[in-house]
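# Inside the fold
Listed below are the residues making up each chain.
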Amino acid sequence: DKVQDDYVRLKELESLRDNLTHMIVHDMRSPLMGITGYLEILEMDAGEKLNKDEMGMLRDARSSGLVLVGMVNSLLDISRLEQGKMPLHVTASDVDVLIQDALKSLGALTKQVSLSYEKRSPPVMVNCDASLVTRVIANLVGNAVKFTPEGCKVAISVERNDVGVKVCVEDSGNGIPREYHEKIFEKFGQVETRQQRKMYSTGLGLTFCKLAVEAHGGKIGVESQVGKGSAFWFTMPDGERKEG
């Protein structure tokens, strides 16, 4: 009985902790949005008053603020996906459009590598929430770029298979040991890898990707060998496959 009581109390404390964390993170978003908004206005209006170095610092400050906003949004979205409270607006979407939108959202980051992607013809359609899947692709490509030496290759590919459509992002990084292939998609796995000073992702982006893909009924994974780079992939329902 005591073990059961302790378990119930532990679950209550865990729920309180998660609710408090969610509340704090949610309240952080508004001031962060305000900071990045004002920095954007300064960047537009102060061009003639600041020298090149000062403008560079201003852009870097705004960029860092946007990174924080992205982290906050990821935490909130992960919480909603875990609780099944993230509504999915599913439509038939062209994978090429999703990839192009994802690349646009990354801006100049993709210029650091040799990016390879060939548009599919005819278009490959998937049934998905276009906004969420665009973010999944952006997360995977962003990770690939950050772990690929400057000027080396990052390749994006799309193919149909027996379960639907598979999107793959392959980098030229250092690779990931097999024992971390599943852990890097989990929240607490990310904590464990950081504690061991192993950097195989840039935060909770992969956790968001896993939850978003699985919410669509898809799967996500990685194929990697140390010293030979990594290929992150996910599947989505085929938008052209008819049921029955």
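Scope of this entry: the structure provided in the associated data block. (Residues numbered from 1 in each chain as written. Predicted model: local features only at pLDDT ≥ 70, side-chain atom pairs only at ≥ 80, totals over all residues. Heavy atoms only, no water.)

Another point: the pattern of salt bridges. Counted according to the given criterion, the structure contains 9 salt bridges. Residue arginine 80 is joined to aspartate 77 by a salt bridge in which the shortest nitrogen-to-oxygen separation is 2.9 Å. Remark: aspartate 77 and arginine 80 occur in helix α2 (residues 52–82); sequence separation between them is 3 residues, near one turn of the helix. By relative accessible area, which is 6% here, aspartate 77 ends up buried. The salt bridge involving glutamate 186 is made with lysine 210; its shortest N-O contact spans 3.6 Å. You can see glutamate 186 sitting in the loop between β5 (164–170) and α5 (187–195) and its partner lysine 210 sitting in helix α6 (residues 205–215), a full 24 residues away along the chain. Judged by relative accessible area, which is 38%, glutamate 186 ranks as partly exposed. On the accessibility criterion, lysine 210 (18% relative accessible area) is buried. Salt bridges here are not isolated pairs; linked through shared partners, they connect Glu40, Glu43, Arg59 and Arg62. (Salt bridge = Lys/Arg side-chain N within 4 Å of Asp/Glu carboxyl O. Helix = DSSP H or I, 4+ residues; strand = E, 2+ residues; numbered from the N terminus. Buried < 20%, exposed > 50% of the residue type's maximum accessible area, 1.4 Å probe, protein only.)

Take helix α3 (residues 95–106) next. For an α-helix the count is 3.6 residues per turn, leaving residues at separations of three or four pointing the same way. The first and last C-alpha atoms of α3 sit 17 Å apart over 12 residues, in line with the 16 Å expected at 1.5 Å per residue. Those residues of α3 lying buried are Val95, Asp96, Leu98, Ile99, Ala102, Leu103 and Leu106. The buried residues of α3 occupy an angular sector of 160° when projected down its axis, which confines them to one face. Exposed positions of α3 whose direction lies more than 90 degrees from the buried face are Lys104 and Ser105. Its buried side turned inward, α3 meets β1 (90–94), β2 (114–116), β3 (125–129), α4 (130–146), β4 (153–161) and β5. (Expected span 1.5 Å × (residues − 1). Arc of directions from axis to C-beta. Contact = heavy atoms within 4.5 Å.)

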